[in-house]
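Coordinate inspection notes
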Amino acid sequence: MESKLVNRSPYDADSPLETSLRAAFSSLKSKLRPPFPLTILDTEEEYSKLNRAILYGTLCEPELTEVHIKHLHGIVSDAYKYFTKMLVKVVNEFYCKTFGNVKKQILRMTREMVSVSAIGFDVLLVALLRQIVGGDFSKENSWLCVEVLDILWSFWDCLVEEEPVILSGALYVFMRLLADQSRVLNDPSNESLMKMEISFCLRMLRERFSICLRIGRDIVRLLQDLLSIPEFQELWRDLVCNPSTFRVDGFVDISQIYSRRTSGWYFSLRLTPEMESHLRFLLSHVKFGSQKRYQVWFAKKFLLSEKSKVAIDIVRFICCGHHPSNEVIGSDVIPRWAVIGWLLHHHDDEIRTKLKLALFYDWLFFDEGAEDSVMDIEPAVLLMVHSVPKYVDMTRSLVEFVVMLSDRYDTRRKEVVFGGISRAFQAVVKRGVVRSLDVVLTCDMISPVLREILAKFLQIELKTAPADFRFPTTNQTRHCFTRYIEFHRCVAAKGEDSGECAKFANYYRALCPGEWIEKWNEQRESGTFPGPL
Amino acid sequence: LRDITPAAENNVNARFILLDKARPTAEEGPQHRKCLALAADETAAVHFQLWGDECDAFNPGDIVLLTDGIFSYDRNQDAVLRAGRRGRVQKLGEFCMNFVETPNLSEIKWAPHPSDPKNYAAVSVVSPYSRLFPPL
């Protein structure tokens, strides 16, 4: 059947949602014109049906909008909860496929729901924000941005009072969009939209900084991408040199923002519901080894545009917004680090640096005692470890990057960043995410200087083992094996945390190739280790 | 999909995902375009033949519902699944479905059942995977 709502091909299956809306409309059509019957709606079923009918009417009969709205105001008994819920479903399911005039009506009704503070209007605004596609500079996408910004601006005071989180979410979205747009030079149609976005962001940041702080540390990352815009350059200067301009009690230094973890919710705002469902399916149901076709489809659908840097948002989302259950982690489903590895390979250098920053962002200020979770940092270290030896370039590039970050991310607060990365490395070992970083520490393909710094993060000393008279020959194989055994016998006798065993650990790590250590660790676990432990 | 066998009836109802699609063969004008696709579900894979407008409407990654389809031999003596004149093929969604690429029922040699000539049974495997759409 031809659809009035959605631009469909004859081969698309009927959507149950659309069918239910249209059915309600057709059966109640006569009751949707004035004079409205004054019958009280007894059952929830009747109430829902009437709501669905009015919704379909508002979307498909724009000329009768006022009539339908008056009707809705007249019959409402649940503070518009059901109506808004249905409207959210429509947006999530097929906003991008609806006709232009239906889109206009959706925004019209959104405005109406915000103006009456309908229950769920915040969810509705979020649904629309998610439909704004990053890196898409088409008229339709820009129009949606303008409409949403207009609603936010018109209802500013009410939103600040009732749903400030939505404003912080919108700030995240528009800062992210601006970063992509500011790279597309000299497009006049772009300019007026950018002006609106900049005004919104600046108003939020200057007047309501305490709401902006809710975003957490990623607001710093976002700001750093906007420094080419003069207004943000100025704001950044104030943030770094003059924090009191923001008039938030207790806020005196930018490093206070670092310690606040950004919730995965913000990252989901930059993924369309379809992208999110595809990613979650990939990470929950696709076996490791069977992912290639899915990756081809995903890339073709979402990663094709050069202007879109959505991969950055995807990496943040995977790290912080999707924490698989232990069951999934233990199964043969493709792990998060493998998907991130694919994203890194798929993009070229310019974006790859940003992807790596996105991957390591929570490492910079990691503190398990505060809000951070080891699940946020797990993919990065697993990618590092599992890429040895087959993809050692990846490991090297990641180690280089994290070392570079510790030095250059915030040159005035190097100890803060070093501390964060150090705690992150120690946490992944302590929590058993990896048994140890030995395979990286003993990897010859990575420069000793880098490995030295890595050892510093882990608070291990990486000197080589002293010459031992028991092993005078050049072939030190037996020396390496003996030290390995000595370490484990020491641990068995004195306990893991005894500092005395650390020197044996340093010796074996300096002497033994990483692959041997991995193999022996596995053998110990399975009880087949050929040595006197 | 694992249970289908070649037959001259429109009796196949299945839900599967399209893994890949080949270029249409340039034959007899636009209305008679055909192109072959690799379709699969959690149990098996098969070659699916798209006709006419279907060639453009469906793409790899699409989850498809087939009603009253037919699994039979086309002109090249290949066993293919298709909607046929009485069947219908509809797009349900995209991406979110598991699949296997073996066995591929179009890469199996079928012959009439010795005791029951109306029904076909698998005789031998020509290839475990599709030769036209090998696994990536």
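Residues numbered from 1 in each chain as written. Chains lettered and ligands numbered in written order. Predicted model: local features only at pLDDT ≥ 70, side-chain atom pairs only at ≥ 80, totals over all residues. Heavy atoms only, no water.

- Taking an unreviewed UniProt entry as the reference, chain B is identified by name as SOSS complex subunit B homolog belonging to Genlisea aurea.

- Where an unreviewed UniProt entry is consulted, chain A appears under the name Integrator complex subunit 3 N-terminal domain-containing protein, with the organism given as Genlisea aurea.
- If you open the UniProt record of chain A and go to Subcellular location (unreviewed entry), you find "Mitochondrion". (UniProt positions renumbered as here; feature names shortened; annotations may be inferred.)

1. A look at the overall build of chain B
- Helix and strand counts for chain B come out as one helix and eight strands.
- The linear arrangement of helices and strands in chain B, starting from the amino end, is β-β-β-α-β-β-β-β-β.
- Radius of gyration (C-alpha) of chain B: 14 Å, near the 14 Å computed for a compact globule of 136 residues.
- Taken over 136 residues, chain B has a buried fraction of 44%. (Helix = DSSP H or I, 4+ residues; strand = E, 2+ residues; numbered from the N terminus. Rg over C-alpha atoms; globule rule 2.2 N^0.38 Å. Buried < 20%, exposed > 50% of the residue type's maximum accessible area, 1.4 Å probe, protein only.)

2. Overview of the pattern of salt bridges
Residues and elements named next belong to chain A.
- Across all of its chains, the model carries 43 salt bridges over all chains by this definition.
- Residue Arg-130 is joined to Glu-276 by a salt bridge in which the shortest nitrogen-to-oxygen separation is 2.5 Å. Taken as a pair, Arg-130 in helix H6 (residues 121–131) and Glu-276 in helix H16 (residues 273–285) lie far apart in primary sequence, 146 residues in all.
- Note that Arg-217 is salt-bridged to Asp-372, the shortest N-O span being 2.9 Å. Of the two residues, Arg-217 sits in the loop between helix H11 (209–212) and helix H12 (218–224) while Asp-372 sits in the loop between helix H21 (349–360) and helix H22 (374–386), which places them 155 residues apart along the sequence.
- With a relative accessible area of 0%, Arg-217 lands in the buried category.
- For Asp-372, a relative accessible area of 7% gives the class buried. (Salt bridge = Lys/Arg side-chain N within 4 Å of Asp/Glu carboxyl O.)

3. Some details on the interface of chain B and chain A
- Listed by partner, the interface residues are 27 residues for chain B and 19 residues for chain A.
- With both chains or domains summed, chain B and chain A bury close to 1800 Å², and 60% of this area falls on carbon and sulfur atoms.
- Sorting the residues of chain B by area buried against chain A places B:Phe95, B:Asn98 and B:Leu136 first, and these three jointly supply 38% of that buried surface.
- Among the salt bridges present, the one from B:Asp20 reaches A:Arg293, with a minimum N-O distance of 4.0 Å.
- With six residues, the top contributor of residues to the side of chain B that touches chain A is strand E6 (residues 88–94) of chain B.
- Counted by class, the side of chain B that touches chain A contains 17 nonpolar, three polar and seven charged residues. (Contact = heavy atoms within 4.5 Å. Buried area = accessible area lost by both parts, 1.4 Å probe. Nonpolar A, V, L, I, M, F, W, Y, C, P; charged D, E, K, R; others polar.)

4. Describing the packing of helix H5 (residues 100–115) of chain A against H6(A)
All names here are of chain A.
- Taken N-terminus to C-terminus, the directions of H5 and H6 make an angle of 150°; their axes are 9 Å apart at the nearest point. Relative to H6, the crossing made by H5 is left-handed. Counted together, Ile-106, Leu-107, Thr-110, Met-113 and Val-114 of H5 and Phe-121, Leu-124, Leu-125 and Leu-128 of H6 form the full contact between these two elements. (Axes fitted to C-alpha atoms, helices over the stretch in contact; angles between N-to-C directions. Left-handed = near helix turned anticlockwise from the far one by under 90°.)

5. Here we look at unusual backbone geometry
- Here the residue pair A:Val388 and A:Pro389 is connected by a cis peptide bond, since its omega of -5° sits within 30 degrees of zero.
- In this structure, A:Pro389 sits in the loop between H22 and helix H23 (392–408).
- We note that A:Arg247 has phi near 50°; this positive angle belongs to a residue other than glycine.
- Residue B:Asp68 is not a glycine yet carries a positive backbone phi of 55°.
- Take B:Asp68: it is sitting in strand E4 (residues 62–73).

6. Some thoughts on the packing of helix H9 (residues 164–181) of chain A against helix H10 (residues 188–207) of chain A
Residues and elements named next belong to chain A.
- At a minimum axis separation of 10 Å, H9 and H10 run at an interaxial angle of 140°. With respect to H10, the element H9 is oriented oblique. When the axes of H9 and H10 are compared, the crossing they make is left-handed. Here Leu-167, Ser-168, Ala-170, Leu-171, Phe-174, Met-175, Leu-177, Leu-178 and Gln-181 of H9 lie close against H10, whose contacting residues are Asn-190, Leu-193, Met-194, Glu-197, Ile-198, Phe-200, Cys-201, Met-204 and Leu-205. (Parallel < 35°, antiparallel > 145°, perpendicular 65-115°, else oblique.)

7. Some remarks on the domain arrangement of chain A
- Partitioning chain A into structural domains gives domain 1 (1–131), domain 2 (153–260), domain 3 (264–458) and domain 4 (476–526).
- A separation of 51 Å is found between the C-alpha centroids of domain 2 of chain A and domain 4 of chain A. (Domains from an automatic or database assignment.)

8. Here we look at the state of the cysteines
All names here are of chain A.
- Applying the stated criterion to the full structure yields two disulfides over all chains.
- Bridging Cys-490 to Cys-501, the disulfide has an S-S length of 1.9 Å. Between Cys-490 and Cys-501, the disulfide has an S-S torsion of -80° and is therefore left-handed. Here the residue Cys-490 occupies a position in helix H27 (residues 477–494), and Cys-501 occupies one in the loop between H27 and helix H28 (502–511), the gap between them amounting to 11 residues. Exposure class is identical for Cys-490 and Cys-501. Each is buried. (Disulfide = S-S within 2.5 Å.)

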